[in-house]
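# Inside the fold
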Amino acid sequence: MHIKKKSLLNAVKLYSHYYNRLLLVKTIRHSIKIKRSGRFNMDSTKSFMMNVGQHTKYFALIGLTSLITACAATPAQQSKATVDEAQKVVKAAPEVKEEKKPEVTMPMSPELMYYILTAEVAGQRGEVGAAVELYERAADMVKSPKLAGRSAQVATLSRNEEKINHALDRWLEVDPNNADVYMMRAPFLMMEKDYDGAVQAINKALSLAPENQKIYLARATENLAEVASPEEALATLKKLDLYKQGHPDAHYAYARLAFFYQQYPETLAEIDPLLKADPENESYLVLKADTLQRLGKTKEGVKLLAKPAAKDDASDELRFTYGKLLGDDGQLDKARTIFESIQADNPENRDVLFALGLLALEEKDGEKAKSYFSDLLRLGDPTNQAAYFMGIAEELNANVDAALVWFASVPVQSSRFDLAQTHYINLLLGRDDIDKAREHLAQLRQQLPNKALQYYLFEASLLRDHGMKQEAFDLLTKAIKHYPKNEDALYSRAMIAESMDRLDVLEADLSQILTNDPNNSQALNALGYTLTDRTDRHQEALKLIQRALELKPGDPFYLDSLGWVYYRLGDLEKAEKYLREATEANPDPEFIAHLGEVLWQRGKKQEAKKIWDKGLLQDPDNTLLIETMRRFGL
């Protein structure tokens, strides 16, 4: 199997975790991600709340142990690190004598212990509401920043606005200088479209913890990308104090977000000044090169990275981007050299293994491709694509059994799942095992009911292509019982019905589509053409086709239908006019057959012969063209 160079590099783009994820740095403790469903995933609590096994419980217990210890300490003890930092500043001030107070360790009350332990158990059982309520009570009992933080984390899982706000307010009350509190509040404000409030929260967090500004900016950018429109998200970042002050980190975060929204000129407008000030910054170079590639200026991107990538201390990320651009520019040998160099330094770089595997497939070297994708599977394949390409490699190796196993193992969540099913079915058909192919599609319909219609249509097309018209018709009839108004199913059955001379079914199905959608130009044309070609209801057909052209002017298929109905009505002049327009727009053999017939009938036999001969050169086996010429003694 040959993989086109563009497809190869597109696949690399899809896989690379450098360029497909907006988040620049993994978020620290207490971070949250807002999903479009409104759910929140919290790095430190999701696993415990989802109850996914003993490994999860083990870490939940570790967290619980440290939490209990923290709750038993005084607020002074809990804030020791902050105090230590403050003391460094205080040393420079005049010494003030204070009475030394003894440290006090507060014993944990049985009630507090009960709330915490019960909340953890409830969480592991998936009883989020109970866990939230119990943690809220515990956090309200003592001034413990860690307990309040834990309560806020758990509250976010409830999607209960009142509980979330209460938990965050309590956390802020007991730990007002904790930047994480403000960063956790920001996404909730974004969800409420209170972007000014989000800006204030993020500004506060950045002022409290400037050492975390890259992480916080990345988190804010990711949250905005999840809940805001491009305009809202970019405008919000521009309101941040750091952006207004011209801080490079803020402008880089803005550039990344603009890139995410495919606003490439805006990306360049932000990144160019950054590169002017810091021309050797690899993050800036990579982003600009990626942007140039998306703008179709790959050669400029290659030129930009050539010297930086040649440096001894060039990062894997920069070199990988350079190799990616070289491949996109058709310089596959150079790209391979770059990727192999990175692999020599870092044999477990997943992006590089993936790219080298694809290059091996491009060279039709199935065995080499297998070795790369096998290593990728061993390391863990985060994008769930390696199994699919293992199947492709085994196809190259003519090992059909192994290919079938790999294609069948591609997980549903993989972007390659549907392609894998297509390959699986085609391999079975190559063995003339259509029964097993149909059985597989039936299983897919049961396992993936949300895609059942897709598999009905796929199987019907498969059956039709194998001359099994009745089976295809029956299958589509079954599909229509489940999806009575689905236009694709109705249209597919109508087309098969026409080939079976079941014009009553065709008319009924297309009429049903038009009842549901009177402006469906495809159904209008199909019904009009069929009435033209298979009945004497030509005036009715003319109105249908004219309506289709009103909805989609200039469509060559509709122009052919219009020319053909005028031919049936005896208006050869109009027939020739519209058929010429159709063939000029699209020299389809069927259009050529129709135009040639009209020309012949108008006495233009030599021109008709030339047009037909040209059509045969294009498609020597076209049945309609051959039969048309035979009818006229050619």
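Residues numbered from 1 in each chain as written. Predicted model: local features only at pLDDT ≥ 70, side-chain atom pairs only at ≥ 80, totals over all residues. Heavy atoms only, no water.

## Notes on the overall build of the protein
Rules: A helix here means a DSSP run of H or I that spans at least four residues, while a strand means a run of E at least two residues long, and both kinds are numbered starting from the N terminus. Contact criterion: two residues are considered in contact whenever any of their non-hydrogen atoms come within 4.5 Å of each other. Reported accessibility uses the Shrake-Rupley method at a 1.4 Å probe radius. Residues are deemed covered only where the shown protein chains occlude them.
The secondary structure content of the protein amounts to 38 helices and two strands. A sequence separation of at least 24 residues applies to 55% of the contacts in the protein between residues at least 6 apart. Of the roughly 31,900 Å² of accessible surface on the protein, a fraction of 50% belongs to carbon and sulfur atoms.

## Concerning the environment of Tyr388
Cut-off, in case you're wondering: Each residue is placed in one exposure class: buried if its accessible area under a 1.4 Å probe, protein chains only, is under 20% of its type's maximum, exposed if it is over 50%, and partly exposed if it falls in between.
With respect to the element layout, Tyr388 can be found in helix H24 (residues 386-396). On the basis of relative accessibility, which here comes to 6%, the residue Tyr388 falls in the buried class. Every residue in contact with Tyr388, bar those within four places of it in the chain, is listed here: Phe407, Val410, Arg416, Leu419, Ala420 and His423.

## Structural notes on the side chain of Thr532
Take Thr532: it is sitting in helix H32 (residues 521-534). Each residue touching Thr532, except ones within four places of it in the same chain, is listed here: His538, Ala541, Ile545, Trp564, Val565 and Arg568.

## Considerations on the packing of helix H19 (residues 298-310) against helix H20 (residues 316-328)
Spelled out, the test is: Each axis is a line fitted through C-alpha atoms, and for a helix only the stretch in contact is used; angles between axes span 0 to 180 degrees, taken between their N-to-C directions. Left-handed describes a crossing whose near helix is turned anticlockwise from the far helix through less than a right angle; right-handed describes the clockwise counterpart. Three classes are used, and their members are as follows: Ala, Val, Leu, Ile, Met, Phe, Trp, Tyr, Cys and Pro are nonpolar, Asp, Glu, Lys and Arg are charged, and the others, Gly among them, are polar.
The geometry of H19 relative to H20 is characterised by a closest axis approach of 9 Å and an angle of 145° between their N-to-C directions. Along this stretch, H19 crosses H20, giving a crossing that reads as left-handed. Across from Thr298, Gly301, Val302, Leu305, Ala306, Pro308 and Ala309 in H19, the residues of H20 making contact are Leu318, Arg319, Thr321, Tyr322, Leu325, Leu326 and Asp328. Partitioned by chemical class, the residues of the contact of H19 with H20 number nine nonpolar, three polar and two charged.

## Looking at helix H38 (residues 623-631)
Here is the rule: Directions drawn from the helix axis to the C-beta atoms are what define this arc.
Within the sequence span of H38, burial applies to Leu625, Thr628 and Met629. Looking straight down H38, one finds its buried side chains confined to an arc of 95°; they lie on one side. Along H38, the residues that are exposed and aim more than 90 degrees away from the buried face are Thr623, Arg630 and Arg631. If you follow the buried residues of H38, they end up packed against helix H36 (589-601) and helix H37 (605-618). Looking one or two places after H38, you find Gly633, whose phi comes out positive at around 80°.

## With respect to the nonpolar core
Which entries qualify depends on this criterion: By nonpolar core we mean a set of buried residues, namely Ala, Val, Leu, Ile, Met, Phe, Trp, Tyr and Cys, connected to one another through side-chain atoms within 4.5 Å.
Formed by 89 residues in total, the largest nonpolar core has its most connected members in Leu361, Phe373, Phe389, Phe407, Leu510, Leu562 and Trp612. Contacts of Phe407, omitting those with residues within four sequence positions, involve Tyr388, Gly391, Ile392, Glu395, Ala420, Gln421, His423, Tyr424 and Leu427. Within the second largest apolar cluster, 35 residues are counted, among which are Leu268, Leu285, Leu325 and Ala355.

## Considering the packing of aromatic side chains
The cut-off we apply is this: Only Phe, Tyr and Trp rings take part, Trp by its six-membered ring, and two of them pair if their centres are within 6.5 Å. Stacked means planes under 30 degrees apart, edge-to-face means over 60, and tilted covers everything else. Comment: the charge-over-ring label is applied if NZ (Lys) or CZ (Arg) is within 6 Å of the ring centre and within 35 degrees of the ring normal.
By the definition in use, this model includes 17 aromatic pairs. Ring plane angle 45° and centroid distance 5.4 Å describe the contact between Tyr243 and Tyr254, whose orientation is recorded as tilted. Placement of Tyr243 in helix H15 (residues 241-244) and of Tyr254 in helix H16 (residues 248-260) is noted, with a sequence separation of eleven residues between them. Residue Tyr243 shares its accessibility class with Tyr254, and that shared class is buried. Seen in terms of ring centroids, Phe260 and Tyr261 are 5.3 Å apart; in terms of plane orientation they differ by 70°. Their pairing is edge-to-face. You can call Tyr261 buried: its relative accessible area is 16%. Chaining the aromatic ring pairs together yields one cluster made of Phe354, Phe373, Tyr388, Phe389 and Phe407. Geometry around Tyr456 places Arg445 over its ring, the cationic atom sitting 4.3 Å from the centre.

## Let's talk about unusual backbone geometry
Where the residue is not glycine, phi is negative for most of them; where a peptide bond is considered, it is trans in most cases. Look at Lys193: it is not a glycine, yet its phi comes out positive at around 65°. Looking at where Lys193 falls in the secondary structure, it is placed in the loop between helix H11 (179-191) and helix H12 (195-208). Classification of Lys193 by relative accessible area gives partly exposed; the value is 46%. Of note, the phi angle at Ala398 is positive, near 60°, even though the residue is not glycine. Along the chain, Ala398 falls in the loop between H24 and helix H25 (400-409). With a relative accessible area of 64%, Ala398 lands in the exposed category.

## Quick word on the environment of Asp365
Within the secondary structure, Asp365 sits in the loop between helix H22 (350-362) and helix H23 (366-379). Separated by 31 residues in the primary sequence, Asp365 and Leu396 have C-alpha atoms spaced 7.4 Å apart. Residues in contact with Asp365, not counting those within four places in the same chain, are Ala360 and Leu396.

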